[in-house]
Amino acid sequence: MGAAETVTSGSLFAAAPLAALAGLVSFASPCVLPLVPGYLSYVTGMSGADLAERGRGRLLAGASLFIAGFTAVFVSYGVVFGGLGRWLLEYQDQITRVLGVVTIVFGLAFMGFVPGLQRTVKSGRLPAAGLAGAPLLGVLFGLGWTPCIGPTLGAVQGLAITEASAGRGALLSLAYCVGLGLPFVVTAVAYRRALGAFGAVKRHYPLVMRAGGGMLVLIGVLLVSGLWGDLTIELRSWISGFEPVI
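All figures in this text were calculated on a predicted structure; none of them were measured in a lab. (Residues numbered from 1 in each chain as written. Predicted model: local features only at pLDDT ≥ 70, side-chain atom pairs only at ≥ 80, totals over all residues. Heavy atoms only, no water.)

Focus on the nonpolar core
By size, the foremost hydrophobic cluster in this structure holds 46 residues, and its most contacted members are Phe-70 and Phe-184. Elements with a contribution of two residues or more to this core: α2 (10-28), α3 (36-44), α5 (56-87), α7 (134-144), α8 (150-163), α9 (166-189), α10 (191-203) and α11 (205-225). Contacts of Phe-184, omitting those with residues within four sequence positions, involve Phe-27, Val-32, Val-36, Tyr-39, Leu-40, Ala-63, Phe-66, Ile-67 and Phe-70. (Core = buried A, V, L, I, M, F, W, Y, C linked by side-chain atoms within 4.5 Å. Buried < 20%, exposed > 50% of the residue type's maximum accessible area, 1.4 Å probe, protein only. Helix = DSSP H or I, 4+ residues; strand = E, 2+ residues; numbered from the N terminus. Contact = heavy atoms within 4.5 Å.)

A few points about the UniProt feature "transmembrane region" (unreviewed entry) in the chain
With numbering aligned to this structure, UniProt lists the feature "transmembrane region" (unreviewed entry) at residues 12-40, 60-89, 95-114, 126-146, 166-186 and 207-228. Along residues 12-40, the helical share is 76% and the strand share 0%, with 32 Å between the first and last C-alpha atoms. (UniProt positions renumbered as here; feature names shortened; annotations may be inferred.)

Overview of α3
By the burial criterion, the buried members of α3 are Val-36, Tyr-39, Leu-40, Val-43 and Thr-44. All buried residues of α3 project into a common sector of 115 degrees when viewed along the axis, lining one side. Just downstream of α3 lies Gly-45, where phi reads positive at about 75 degrees. (Arc of directions from axis to C-beta.)

Focus: a nonpolar patch on the surface
Taken together, the side chains of Leu-171, Leu-174, Val-178, Leu-182 and Val-186 present a nonpolar region at the surface, about 410 Å² in accessible area. Residue class for Leu-182 comes out partly exposed when judged on its relative accessible area of 49%. (Patch = residues over 30% accessible without salt bridge, like charges linked within 9 Å, V, L, I, M, F, W, Y side chains within 5 Å. Areas by Shrake-Rupley, 256 points an atom, 1.4 Å probe, with all protein chains shown as cover. Salt bridge = Lys/Arg side-chain N within 4 Å of Asp/Glu carboxyl O.)

Quick look at the environment of Ala-194
Take Ala-194: it is sitting in helix α10. For Ala-194, a relative accessible area of 9% corresponds to the buried category. Counting along the chain gives ten residues from Ala-194 to Phe-184, while the straight-line C-alpha distance between them is 9.5 Å.

Some details on the side chain of Thr-187
Assignment of secondary structure puts Thr-187 in helix α9. Residues contacting Thr-187, with those up to four places away along its chain left out, are Phe-27, Val-36, Leu-40, Ala-194 and Phe-198.

Right, here's the structure in full:
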């Protein structure tokens, strides 16, 4: 399969936006959003006051290095889960339905209906503050916060298995990282305004969690019912019939 076909395949074409949205939901979750100012202060080695006054360039550099760290972790997950799916093609239908049930459980957990699945495992040792330690902090975030953002990340990796390809799994995880990482970049560029927006999101946390969990439940229902396969077939038909206007 060529690179263009890999990127525009029906299933990946449908799953990538959902993966990016899952990343955005992870960013807005109570275990990530309140800590963002602290992350940015740590990866730049600057206080909050300094960041607000004169730290935009350093903020952007630190955020980018931090994002690179957790992207390396999550894309590696995607490669593993996508590659695993390739070896399980014979049982793909049954596995897809099981993953659908798991995704529904993840969605219910994200809404708070399954106690114990939303928790955080923190590393006891942190890298030195500043730009040099930013990528390592990103790696620690990817490893240590996985239980906390597990419902959304788990749903994405379930979709990676259904893609049955290490390359597609990596692309799907990359889409998730774009959704999770882009708000960090926006915060770095517009630090003061972003902090004000965080307050608005915090005031509506129940709605954010219900919307995010509902999205995961919907994905799970599509997988269990077999409608996900029908959707991807329809997308492949639409993509193959598309002719760009020159």
